[in-house]
Amino acid sequence: MFVQEEKIFAGKVLRLHICASDGAEWLEEATEDTSVEQLKERCLKQCAHGSLEDPKSVTHHKLIHAASERVLSDAKTIAEENVQDHDVLLLVKRRAPSPLPKMADVSAEEKKKQDQKAPDRDAIARATAGLPSCNMDRAVVQTSLRDFQTELRKILLSLIEVAQKLLALSPGAVELFTKANAMLDEDEEERVDETALRQLTEMGFPESRAVKALRLNHMSVPQAMEWLIEHADDPAIDTPLPGHTSPGTAGAEASAEAAAGSSEDDEEAKDELTEIFKKIRRKRAFRADARAVISLMEMGFDEKEVMDALRVSNNQQSAACEWLLGDRKPSPEELDKGIDPNSPLFQAILDNPVVQLGLTNPKTLLAFEDMLENPLNSTQWMNDPETGPVMLQISRIFQTMNRT
């Protein structure tokens with residue numbers, strides 16, 4: 001019996017599921033050595049829209065392996081494309097490439113881009129050639145725009161004096177300011193935690209060293225104990241922190257101050273308000289952060305310079321370091337100066353009815369004092385229903401005057 005040669009060496013026959021883009025589906029049989037292009041021609045014969053009479057028909061279509069989402073290459077066989085029996089192939093039309101833009105469209109687009117292009121220096125010079133010259137120093141303009149936070153301290157200092165004079169006219173002024181004095185308690189970091197101090201002294205550490213360690217470590221007993229052990233052989237361990245004195249010295253000074261205070265009370269018994277004002281101002285005295293003082297002094301700065309820097313920068317060590325290395329402005333002396341009472345800004349603030357009413361409220365005076373000592377508390381007082389309207393009016397007046 002005669003058998004054709006191509007039947008003897010024919011590859012394995014695969015049954016493939018073909019899906020066309022118009023929804024038609026059918027089974028197509030092809031051997032493994034059939035090229036993708038040949039398979040595509042046979043599929044196009046099956047489709048109603050495909051025709052071999054159009055030579056572009058084959059090139060305008062492609063076969064996609066559904067499982068792997070691969071586009072099959074026309075030059076390869078289905079075996080080389082790893083097509084298996086019963087695989088699903090998609091017959092889709094290739095997207096026509098977008099037409100090239102016409103020359104007229106290109107020129108119109110370029111013209112649009114040129115019209116939207118920002119003018120260069122020469123174009124600006126030509127356009128402004130007829131304008132009168134105006135030499136203005138930008139540094140002067142920026143300096144004239146005062147910063148609200150910088151000026152706020154001066155405004156508060158002057159408003160505190162006005163508020164004290166107004167409140168002193170109240171019939172219950174002495175009782176009023178006594179309560180305000182009680183509300184302005186000493187700073188938390190100034191007081192030593194008695195429980196923590198007792199724990200360290202019971203371990204055998206001297207009281208003066210324990211107090212110093214607690215202040216340096218924010219009243220943390222474990223950190224203070226670790227510091228005491230590390231610095232046990234330090235010759236300067238008993239040296240008091242800057243701005244602090246040892247307990248014995250402090251006691252002596254307290255006794256002397258009490259004696260002086262009692263003598264002052266005897267001499268000025270009729271002027272209790274003056275004494276209360278003195279106590280309030282004494283509580284406003286700046287207390288430098290001990291850790292920041294030591295860190296800055298270790299850099300080689302003098303203690304007085306470090307104290308001034310921390311006072312100007314509100315105990316912010318990095319800002320204090322920049323102040324020490326820079327032009328040192330503002331100076332510490334400027335911090336205690338109020339605003340010029342004859343200035344238009346201060347007169348506008350005093351003429352505001354909301355501010356006038358607020359200055360008769362003891363809580364407003366308390367807020368001003370607290371913001372001088374702790375500028376970060378300004379937000380708290382801005383949100384307070386009693387002091388917030390006053391601060392808002394001061395801010396608005398400042399911004400208006402600053403712009404004009």
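On a predicted model such as this, the values are computed, not experimentally measured, just so you know.

### What to know about the overall build of the chain
Broken down by element type, the chain carries 21 helices and five strands. Across the 404 residues of the chain, 31% fall into the buried class. When the accessible surface of the chain is summed, it comes to about 26,200 Å², and 53% of that surface belongs to carbon and sulfur atoms.

### Considerations on the side chain of Ser35
With respect to the helices, strands and loops of the structure, Ser35 is situated in the loop between β2 (25–31) and α2 (36–46). Exposure remark for Ser35: the relative accessible area of 15% places this residue in the buried category. For Ser35, the contacting residues outside a window of four places in its chain are Asp74, Lys76 and Thr77.

### Points about helix α11 (residues 221–230)
Turn by turn, an α-helix covers 3.6 residues, leaving residues three or four places apart pointing in a common direction. Among the residues making up α11, those that are buried are Val221, Ala224, Trp227 and Leu228. One side of α11 carries all its buried residues, which in axial view fall inside an arc of 125 degrees. More than 90 degrees from the buried face of α11, the exposed residues found are Pro222, Ile229 and Glu230. Contacts made by the buried residues of α11 are with α9 (194–202) and α10 (207–216).

### What about the packing of α9 against α11?
Taken N-terminus to C-terminus, the directions of α9 and α11 make an angle of 40 degrees; their axes are 10 Å apart at the nearest point. When the axes of α9 and α11 are compared, the pair comes out oblique. Here α9 runs over α11; the crossing is right-handed. Here Ala196, Gln199 and Leu200 of α9 come into contact with α11, specifically with Val221, Ala224, Met225 and Leu228.

### Some points on helix α16 (residues 317–325)
Those residues of α16 that sit buried are Ala320, Cys321, Trp323 and Leu324. For α16, the arc enclosing every buried residue in end-on projection is 160 degrees, short of the 170-degree limit, so these residues lie on one face. For α16, the exposed residues lying more than 90 degrees away from the buried face are Ser318, Glu322 and Leu325. In this structure, the buried side of α16 is in contact with α14 (290–298) and α15 (303–312).

### Section: the pairing of strand β3 (residues 61–65)
In terms of burial, β3 is a largely internal element, four of the five residues being buried. Here β3 pairs with strand β5 (residues 88–93) via five bridges, running antiparallel. Directly across from Leu63, in β5, lies its bridge partner Leu91. Examined bridge by bridge, β3 and strand β4 (residues 70–71) share two bridges and lie antiparallel to one another. By the bridge assignment for β4, His65 is matched with Arg70.

### Thoughts on the environment of Gln316
Looking at the secondary structure, you find Gln316 in the loop between α15 and α16. On the accessibility criterion, Gln316 (41% relative accessible area) is partly exposed.

### So, the sheet that holds strand β1 (residues 13–20)
Strand pairing in a sheet relies on backbone hydrogen bonds. The paired strands run either parallel or antiparallel. The sheet built from five strands is open, its strands ordered β2-β1-β5-β3-β4 with mixed pairing. At either end of the open sheet lies a strand with only one pairing partner, and these are β2 and β4. Against the sheet, α2 engages β1, β2, β3 and β5, with an angle of about 145 degrees to β2.

### Structural notes on the nonpolar core
One broad trend across soluble globular proteins is that nonpolar side chains are buried collectively. Membership of the largest hydrophobic core comes to 26 residues, with the highest contact counts inside it found for Ile155, Leu159, Leu345, Ile349, Phe368, Met371 and Ile394. Sorting the residues of this core by element identifies α7 (148–168), α17 (344–350), α18 (353–359), α19 (362–373) and α21 (388–403) as the ones contributing at least two each. With eight residues, α7 is the single largest residue contributor to this core. Once residues within four sequence positions are removed from consideration, Ile155 is found in contact with Ile339, Leu345, Ile349, Ile394 and Phe398. Core analysis: the next-biggest nonpolar cluster, separate from the first, contains 18 residues, Val36, Cys47, Leu63 and Leu72 among them.

### Examining unusual backbone geometry
Even without a glycine there, the phi angle at Asn82 is positive, about 60 degrees. As for its placement among the helices and strands, Asn82 is situated in the loop between β4 and β5. Of the residues examined, Asn82 reaches a relative accessible area of 48% and is grouped as partly exposed.

### Side note on the confidence of the model for the chain
The predicted model of the chain has a mean per-residue pLDDT of 75, with 72% of residues at 70 or higher. When the criterion is pLDDT under 50, residues 247–270 qualifies, and its contacts beyond four places in sequence or with other chains add up to 12 contacts.

### Some details on the pattern of salt bridges
Under the counting rule described, the total for this entry stands at nine salt bridges. The residue Glu28 makes a salt bridge to Arg42 at a minimum N-O spacing of 3.5 Å. Residue Glu28 is located in strand β2, and its partner Arg42 is located in helix α2; the two are separated by 14 residues in the primary sequence. Exposure remark for Glu28: the relative accessible area of 10% places this residue in the buried category.

### Observations concerning the packing of α9 against α10
Viewed as axis vectors pointing N to C, α9 and α10 meet at an angle of 130 degrees, and their least axial separation amounts to 9 Å. As judged from the angle between their axes, α9 and α10 are oblique. For the element pair α9 and α10, the recorded crossing hand is right-handed. Contacts between α9 and α10 involve Ala196, Leu197, Leu200 and Thr201 on the former and, on the latter, Glu207, Ala210, Val211 and Leu214.

About the cut-offs
- Residues numbered from 1 in each chain as written.
- Predicted model: local features only at pLDDT ≥ 70, side-chain atom pairs only at ≥ 80, totals over all residues.
- Heavy atoms only, no water.
- Helix = DSSP H or I, 4+ residues; strand = E, 2+ residues; numbered from the N terminus.
- Buried < 20%, exposed > 50% of the residue type's maximum accessible area, 1.4 Å probe, protein only.
- Areas by Shrake-Rupley, 256 points an atom, 1.4 Å probe, with all protein chains shown as cover.
- Contact = heavy atoms within 4.5 Å.
- Arc of directions from axis to C-beta.
- Axes fitted to C-alpha atoms, helices over the stretch in contact; angles between N-to-C directions.
- Parallel < 35°, antiparallel > 145°, perpendicular 65-115°, else oblique.
- Left-handed = near helix turned anticlockwise from the far one by under 90°.
- Pairing = 2+ DSSP bridges.
- Core = buried A, V, L, I, M, F, W, Y, C linked by side-chain atoms within 4.5 Å.
- pLDDT = per-residue confidence, 0-100.
- Salt bridge = Lys/Arg side-chain N within 4 Å of Asp/Glu carboxyl O.

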